[in-house]
Structures are given as C-alpha cells and as structure tokens.
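Each chain is listed here by its residues.
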Amino acid sequence: KSRYGVKRILGGKLSKNPHESPDNLFFSVIMPSFNRKACISDAISSVLEQSYKNYELIIVDDGSSDGSVDFIEGMFEQELKSGKVRLLKNPENKG
C-alpha cells in the first residue's frame, strides 16, 4: 500500500513499492466542470504542467452556460487537436 492506503497498479500487477513508477504507465485524469470559466484555465494548466507526461486529460463539461466550453476550445486548441486533452460536453446539466 502507498502512504495513502491505496495499492499502485503497475504493468497489470499490484506493486508493493509506492515509489515504483515506470515511464510507460499511462493514465487518464478526469476533470468534471460546470460553469467554471473563471478558474478552469488554472486547473487545466496545472495538469498540463506536470513533469510526468504519459497521460490524457478528459474534461467533462456538465452543460455549462457561462461560456466554459468555448473558452476551453479557444484557450487549449492545440492540446485538444493533439488529443492530449479531450472535452466531453453534456448538452444540458445532469447534476
């Protein structure tokens, strides 16, 4: 177990070493969002600035009405085109 009580999964096996982290480990970061235009840029940038790069960021917008989706599409156009960031949009708020 890691110091947080969660076993790390590495290469399909449970690792007993919390410091073991192979360079080829791929994972997804899922970021829910609803009307967070004012702060979403900082949250996305924080993920993209991490030193470990073998991940994808999936943003799930829950029917925002504040322009969040347009803002994300404009501000992170390159990352969206490259597939590093994926934006899933609910047409209406699902709660």
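What counts and what doesn't
Residues numbered from 1 in each chain as written. Predicted model: local features only at pLDDT ≥ 70, side-chain atom pairs only at ≥ 80, totals over all residues. Heavy atoms only, no water. Helix = DSSP H or I, 4+ residues; strand = E, 2+ residues; numbered from the N terminus. Buried < 20%, exposed > 50% of the residue type's maximum accessible area, 1.4 Å probe, protein only. Contact = heavy atoms within 4.5 Å. Areas by Shrake-Rupley, 256 points an atom, 1.4 Å probe, with all protein chains shown as cover. Core = buried A, V, L, I, M, F, W, Y, C linked by side-chain atoms within 4.5 Å. Pairing = 2+ DSSP bridges. Right-handed = clockwise from strand over helix to strand, strands pointing away. Polar contact = N/O pair within 3.5 Å; in protein donor to acceptor, adjacent residues only side chain to side chain.

> Can you help me understand the overall build of the protein chain in this one?
The helix and strand tally for the protein chain stands at 3 helices and 5 strands. Of all 95 residues assigned to the protein chain, the portion counted as buried reaches 26%. Considering only residue pairs separated by 6 or more positions, the protein chain has 70% of its internal contacts joining residues 24 or more positions apart. If you sum the accessible surface of the protein chain, you get close to 6700 Å²; carbon and sulfur atoms cover 52% of it.

> Can you walk me through the nonpolar core in this structure?
The tendency in soluble globular proteins is for nonpolar side chains to be buried as a group. The biggest cluster of nonpolar side chains holds 13 residues, and the ones touching the most others in it are Met31, Ile44, Leu48, Leu57, Ile59 and Ile72. Among the secondary structure elements, those contributing two or more residues to this core are α1 (37–48), β4 (55–62), α2 (68–75) and β5 (85–90). At 4 residues, the largest contribution of residues to this core is made by α1. Leaving out residues up to four positions away in the same chain, isoleucine 59 has contacts with Met31, Ser33, Ile44, Ile72, Val85, Arg86, Leu87 and Leu88.

> Teacher, can you tell me more about the pairing of β4 here?
The two faces of a sheet get side chains in turn, since along a regular strand they alternate between them. Counting buried positions over the 8 residues of β4 gives 7, a clear majority of the element. As judged from the 7 bridges shared by strand β3 (residues 27–33) and β4, these two strands associate in the parallel manner. Opposite valine 29, over in β4, you have leucine 57 as the bridge partner. Handedness of the crossover joining β3 and β4 through α1: right-handed. Where β4 meets β5, 6 bridges bridge the pair, whose relative direction is parallel. The partner of valine 60 across the bridge, within β5, is leucine 88.

> Quick question: what am I supposed to make of the environment of lysine 89 here?
If you trace the backbone, lysine 89 turns up in strand β5. Apart from residues lying up to four places away in sequence, lysine 89 is in contact with Asp61, Val69 and Glu73. Within the structure, the side chain of lysine 89 is placed 2.9 Å from the side chain of glutamate 73, a separation counted as a polar contact.

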